[in-house]
Amino acid sequence: MSNEFQLTPAEIVNKAKAIRKKIIKMNSHAGQGHTGADLSETDILACLFFRILNIQKSNLNDPGRDRLILSKGHGIGGFYCTLAEAGYIDESLLMTYLQFDSALPGHPVRQKTPCVELNTGALGHGLSVGVGLALSAKMSKRAFRTFVLTGDGELQEGSVWEAAMSAAHFKLDNLVVIVDRNTLQLADRTEIIMALEPLQDKWKAFGFDVQVTDGNNVAKFIETIEGLDMCSGRPHVVIARTIKGKGVSFIEDRAAWHHKIPIGDQVTKAIEELE
Amino acid sequence: MTEQSAIDLREVMVQCFIRAVQDNVNLVVLVGDSTSTSKIAPFQEKYPDRLINVGIAEQNLVGVAVGLSLGGYVAVTANAACFLVARANEQVKNDVCYSNTNVKLVGLNAGVSYGPLASTHHAIDDVSIMRGLGNIIILAPSDPVEAERIFEFALNYVGPVYIRMDSAKFPVLHSTDYKFELGKVDVLISGDDVSIFAMGSVVHEAYAAAQTLKADSINAEVVNVSSIRPVDRKGIIDSIKKTKNVITVEEHSLHGGLGSLICEIIAEESLVARVVRLGITQGHFAKAGPREQIRAFYKIDKNGVLENARKLLNR
């Protein structure tokens with residue numbers, strides 16, 4: 001199985017722009033949303049869906065598909081907008097985001113939305129499930145890869161490290177953790193609230209192959225992922241340095257925008273900046 | 001039945017696992033350093049590749065089981081109930097129940113099985129916790145025959161299941177042709193005077209009490225509620241309408257367990273009945289000590305049931 005788009009980095013940059021505009025419009029229409037997180041992860045999701053993930057619209061439940069777990073479930077707005085851009089959900093659905101009993105609730109629900117593998121939202125759950133998926137691929141000799149996208153604040157959850165220990169123990173080189181390292185959590189900087197650094201050393205000590213890249217630079221991110229040695233006997237972590245709120249000057253790198261949404265003139269201004 | 005013929009329910013469970021693999025169930029069993037707790041050795045010897053030990057990490061135990069189920073396996077976790085329901089509660093809630101994955105959670109040594117090891121090791125709240133979660137099937141086998149039928153059912157059912165298991169050896173209460181039916185009560189003894197509803201291994205205490213009561217010409221109906229969700233409302237209502245006297249027996253807190261469940265039905269159906277609920281007293285952690293003494297203290301042993309039945313019926 002392959003990715004059905006296989007876009008070039010330049011084409012993905014344009015997709016990311018289109019996704020960001022959708023995020024601004026959707027969140028402002030919904031009146032709620034995690035705008036900072038949605039914009040932080042946009043380039044990563046665009047790379048995954050338009051080039052990296054081996055999934056096909058014709059059968060999104062194919063047992064041989066690559067798996068992506070959105071462990072940072074609050075980033076679901078960016079995820080929905082990416083699915084709409086890829087044609088995996090109908091674009092008109094975005095205007096129902098967060099409404100009563102909508103197909104697009106405020107955290108991922110696998111029974112409602114294609115490409116959602118796990119109902120996340122409580123942090124620190126995705127990696128254990130990713131370990132189980134990667135283990136199932138090894139046990140049943142299937143070639144699919146498992147990607148787990150985590151926030152950085154999320155790494156404060158102890159369950160992440162239970163899972164990390166087991167990923168290395170089971171030699172899951174078919175598992176890729178992507179850390180959206182925007183250095184901000186709900187209340188403030190991660191390093192002020194509960195320091196994560198030295199983050200590379202932590203993952204190394206747990207037995208991971210550690211890569212650091214620019215998570216808002218499509219070409220560099222793709223190069224990092226495509227350069228992973230998937231037969232190394234070690235699980236992978238890609239620490240993707242990002243800017244929370246990336247793409248809109250007045251949203252970028254501000255903790256207050258964790259779950260704020262653009263209103264009035266801010267919408268027009270944000271869309272202009274994204275042109 | 002003699003004590004010699006008593007069988008550890010966990011040994012029954014492990015034989016069910018072995019037979020399931022032989023019957024082409026795509027089974028994987030996960031333990032959290034609980035290889036001895038689960039008596040899993042015979043399975044491990046036969047199918048070492050189908051046993052995953054995640055170490056002492058209950059959240060990861062449940063999360064990894066969920067991942068394996070999403071990868072096409074029937075994933076079964078087997079560890080002590082006290083650690084499963086408390087430590088991994090959010091994984092059970094979100095990853096098993098809310099995500100509706102094909103995971104079977106076996107809570108071993110539930111109730112006060114671990115008697116003297118005290119309250120960290122008791123699981124007297126597992127049923128109330130599981131009842132609070134939306135969709136998980138909740139089952140509690142009473143004897144070796146029923147344990148076998150329940151595991152056969154669970155391993156072939158698609159979706160989340162919790163099985164409340166005991167640690168000790170128990171004699172057989174059921175004939176070998178016993179059929180476990182999901183959502184049905186199992187009336188072990190029919191009677192008109194008092195309905196004794198029991199769950200799990202205390203069914204044996206209720207059964208023994210009913211036999212003694214018979215000698216006093218009290219006809220007790222012993223109802224084994226092994227299917228707690230879904231529950232057999234009709235079977236329970238029919239029994240209560242007949243006897244109008246109810247005793248519930250559980251090695252579990254009186255908050256949210258079997259006694260609560262029966263009283264919810266009585267209230268919702270406007271049934272007229274006198275009720276005595278026996279279990280771990282409201283607001284208590286269970287006493288620590290030998291299990292028989294704990295059961296005697298909370299009146300959930302044979303004598304406690306007898307005493308309460310006589311009092312209830314003024315006999």
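Since the model is a prediction, treat every value here as computed from it, not as a measurement.

### Observations regarding the overall build of chain B
Turning to step 1, where the next piece is worked out: Each helix and strand counted, chain B has 12 helices and 14 strands in total.
Turning to step 2, where the next piece is worked out: At 19 Å, chain B has a C-alpha radius of gyration in line with the 20 Å of a compact globule built from 315 residues.
Turning to step 3, where the next piece is worked out: Considering only C-alpha atoms, chain B reaches an extent of 60 × 40 × 35 Å along its principal axes.
Turning to step 4, where the next piece is worked out: When the 315 residues of chain B are sorted by exposure, 57% land in the buried category.
Turning to step 5, where the next piece is worked out: The contacts in chain B between residues at least 6 apart in sequence include a share of 78% that link residues at least 24 apart.

### Considering helix α4 (residues 76–86) of chain A
Residues and elements named next belong to chain A.
Turning to step 1, where the next piece is worked out: Taken across its 11 residues, α4 has 11 buried, putting it largely inside the fold.
Turning to step 2, where the next piece is worked out: Taken together, the buried positions of α4 are Ile 76, Gly 77, Gly 78, Phe 79, Tyr 80, Cys 81, Thr 82, Leu 83, Ala 84, Glu 85 and Ala 86.
Turning to step 3, where the next piece is worked out: Contact partners of the buried residues in α4: α1 (9–30), α2 (35–40), α3 (42–52) and β1 (67–70).
Turning to step 4, where the next piece is worked out: Just downstream of α4 lies Gly 87, where phi reads positive at about 80 degrees.

### Description of the packing of helix α8 (residues 203–215) of chain B against helix α12 (residues 302–312) of chain B
Residues and elements named next belong to chain B.
Turning to step 1, where the next piece is worked out: Contact geometry of α8 with α12 gives a least axis separation of 8 Å together with a crossing angle of 50 degrees. It follows from the interaxial angle that α8 and α12 lie oblique. Relative to α12, the crossing made by α8 is right-handed. Mapping the contact onto sequence places Glu 205, Ala 206, Ala 208, Ala 209, Thr 212 and Leu 213 in α8 and Lys 302, Val 305, Leu 306 and Ala 309 in α12.

### Comments concerning the environment of Arg 87 of chain B
All names here are of chain B.
Turning to step 1, where the next piece is worked out: Counting through the fold element by element, Arg 87 comes out in helix α4 (residues 81–87).
Turning to step 2, where the next piece is worked out: Note on Arg 87: 20 C-beta atoms within 10 Å, which makes it buried.
Turning to step 3, where the next piece is worked out: Taking the C-alpha atoms as reference points, Arg 87 and Glu 58, 29 residues apart in sequence, are found 6.2 Å from one another.
Turning to step 4, where the next piece is worked out: Once residues within four sequence positions are removed from consideration, Arg 87 is found in contact with Glu 58 and Gln 59.

### Regarding the interface of chain B and chain A
Turning to step 1, where the next piece is worked out: On the side of chain A, 23 residues touch chain B, which itself brings 23 residues to the contact.
Turning to step 2, where the next piece is worked out: At the level of elements, α3 (58–70) and α5 (89–98) of chain B are the ones that each hand at least two residues to the side of chain B that touches chain A.
Turning to step 3, where the next piece is worked out: In terms of residues, the side of chain B that touches chain A owes the most to one element, α3 of chain B, which gives 9 residues.
Turning to step 4, where the next piece is worked out: A breakdown of the residues in the side of chain B that touches chain A according to their chemical character gives 10 nonpolar, 10 polar and 3 charged.

### Focus: the nonpolar core
Turning to step 1, where the next piece is worked out: With 178 residues, the main nonpolar core has Val 29, Leu 30, Ile 196 and Ala 206 of chain B as its most contacted residues.
Turning to step 2, where the next piece is worked out: For this core, the leading source of residues is α3 of chain A, giving 8 residues.
Turning to step 3, where the next piece is worked out: A domain-level breakdown of this core finds at least three residues from each of domain 1 (7–170) and domain 2 (186–312) of chain B.
Turning to step 4, where the next piece is worked out: Filtering out sequence-adjacent residues up to four positions away, Ile 196 of chain B remains in contact with Ala 206, Ala 210, Ala 220, Glu 221, Val 222, Val 223, Ile 247, Val 249 and Val 305 of chain B.

### Structural notes on the domain arrangement of chain B
One frequent convention defines the size of an interface as the accessible area lost when the parts assemble.
All names here are of chain B.
Turning to step 1, where the next piece is worked out: If you check the domain split of chain B, you get domain 1 (7–170) and domain 2 (186–312).
Turning to step 2, where the next piece is worked out: Distance from the C-alpha centre of domain 1 to the C-alpha centre of domain 2: 26 Å.
Turning to step 3, where the next piece is worked out: Among the secondary structure elements, those contributing two or more residues to the side of domain 1 that touches domain 2 are α6 (126–131), β6 (137–139) and α7 (144–156).
Turning to step 4, where the next piece is worked out: In the side of domain 1 that touches domain 2, the residues fall into 14 nonpolar, 7 polar and 5 charged.

### Some thoughts on the sheet that holds β6 of chain B
Note: strands within a sheet are paired through backbone hydrogen bonds, in either parallel or antiparallel orientation.
All names here are of chain B.
Turning to step 1, where the next piece is worked out: Within the open sheet, the 7 strands sit side by side as β3-β2-β4-β5-β7-β6-β12. Their pairing is mixed. This sheet does not close on itself; its edge strands, each paired only once, are β3 (51–53) and β12 (227–229). Direction aside, the axes of adjacent strands within the sheet are offset by 20 degrees on average.
Turning to step 2, where the next piece is worked out: In the sheet, β6 pairs with strand β7 (residues 161–164) via 3 bridges, with the strands oriented parallel. Residue Ile 138 lies in a different strand from β7, and its bridge partner there is Tyr 162.
Turning to step 3, where the next piece is worked out: Sheet strands in contact with α3 are β2 (27–31), β3, β4 (74–80) and β5 (103–108), and its direction is about 165 degrees off that of β4.

Parameters at a glance
Residues numbered from 1 in each chain as written. Chains lettered and ligands numbered in written order. Predicted model: local features only at pLDDT ≥ 70, side-chain atom pairs only at ≥ 80, totals over all residues. Helix = DSSP H or I, 4+ residues; strand = E, 2+ residues; numbered from the N terminus. Rg over C-alpha atoms; globule rule 2.2 N^0.38 Å. Buried ≥ 20, exposed ≤ 12 C-beta atoms within 10 Å, placed from the backbone. Contact = placed C-beta atoms within 7 Å. Axes fitted to C-alpha atoms, helices over the stretch in contact; angles between N-to-C directions. Parallel < 35°, antiparallel > 145°, perpendicular 65-115°, else oblique. Left-handed = near helix turned anticlockwise from the far one by under 90°. Nonpolar A, V, L, I, M, F, W, Y, C, P; charged D, E, K, R; others polar. Core = buried A, V, L, I, M, F, W, Y, C linked by C-beta atoms within 7 Å. Domains from an automatic or database assignment. Pairing = 2+ DSSP bridges.

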